[in-house]
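A look at the structure
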Amino acid sequence: MPTDTVHVLGAGGHGRVVIDALQLLGYPNHAIRVRDDRYELHGTTMLGCAVEAPTLQPKGLSGRVHAAVGSAQVRQFLLEGSGLPRDRWLTIAHPRACVALSASLGPGTLVAALAVVGPCAHLDSGVIVNHGAVVDHDCQVGAYTHIAPSASLSGGVRVGARVLIGAGARILPGVRIGDDAVIGAGAVVLTEVPPGQTWTGIPARHAIKESK
């Protein structure tokens, strides 16, 4: 049974996803501490685990840490501001996820229930592969990227850092997606996506905001 204290940073919906995975992996409730900046939650519980405020401590945290926030930028800020080295950022694979033996998961990554990470895929630090998402063989996923529920990356896809792949989106084989890009829910991406752009639709195209 795991005994290290785990600080789950974030008491929102994604925090419940992380806590559920930890409990199924055998972590006792007393070893899971949920941290959030909403002081009105201090002293309450989430799925039987104590909630404490604030999220981060001035002198840093002890034990292990996992950032349970969907935003890439916030997740990066919390992990890097936790005061803990990367080898103390807890990587979590739900017991009902399927992770290939040859795949690699970076520190602080979450692979949620029914998600699949294929052979020779590599996930960098702080990645979320959410419920039912697929990262197929030989994919490379950059730090703090979030692959939302039921999205799929076909074989050999390259995804940069802090990317959001929306729920149900499909990325075709070998496509490259640049840092900080956003792929809309349900989009089907056939070609390279430059950094920082938002693409939506079938087939996905650059969503250019109209000037007022």
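This write-up is about the structure you can find in this document.

Another point: the side chain of His14. Its location among the elements puts His14 in helix α1 (residues 13-24). Under the relative-accessibility criterion, His14 is labelled buried at 13%. Not counting chain neighbours up to four residues away, the residues in contact with His14 comprise Ala68, Val69, Leu110, Ile128 and Asn130.

Looking now at the sheet that holds strand β17 (residues 158-159). Each strand in a sheet pairs with another by means of backbone hydrogen bonds, the pair being arranged parallel or else antiparallel. Overall, parallel pairing links the 5 strands, which are arranged β8-β11-β14-β17-β20 in an open sheet. The strands lining the two open edges of the sheet, one partner per strand, are β8 (104-105) and β20 (176-177). When strand β14 (residues 140-141) meets β17, the two strands line up parallel, connected through 2 bridges. By the bridge assignment for β17, Val141 is matched with Val159.

In terms of nonpolar packing, the biggest core is built from 32 residues, with Leu153, Ile165, Ile177 and Ile183 touching the most fellow members. Filtering out sequence-adjacent residues up to four positions away, Ile177 remains in contact with Arg158, Val159, Gly160, Val163, Ile165, Ile171, Ile183 and Val193.

Turning our eyes to something else, we now look at the pairing of strand β2 (residues 32-35). Taken together, the 4 bridges between strand β1 (residues 6-9) and β2 define a ladder with parallel strand orientation. When the sheet's bridge partners are listed, Val8 is paired in β2 with Val34. Each parallel crossover has a hand, and the one from β1 via α1 to β2 is right-handed. Bridge count for β2 against strand β4 (residues 49-52) is 2 bridges, and the pairing is parallel. From the neighbouring strand, Arg35 faces β4, where its bridge partner is Glu52.

Cut-offs applied
- Residues numbered from 1 in each chain as written.
- Predicted model: local features only at pLDDT ≥ 70, side-chain atom pairs only at ≥ 80, totals over all residues.
- Heavy atoms only, no water.
- Helix = DSSP H or I, 4+ residues; strand = E, 2+ residues; numbered from the N terminus.
- Buried < 20%, exposed > 50% of the residue type's maximum accessible area, 1.4 Å probe, protein only.
- Contact = heavy atoms within 4.5 Å.
- Pairing = 2+ DSSP bridges.
- Core = buried A, V, L, I, M, F, W, Y, C linked by side-chain atoms within 4.5 Å.
- Right-handed = clockwise from strand over helix to strand, strands pointing away.

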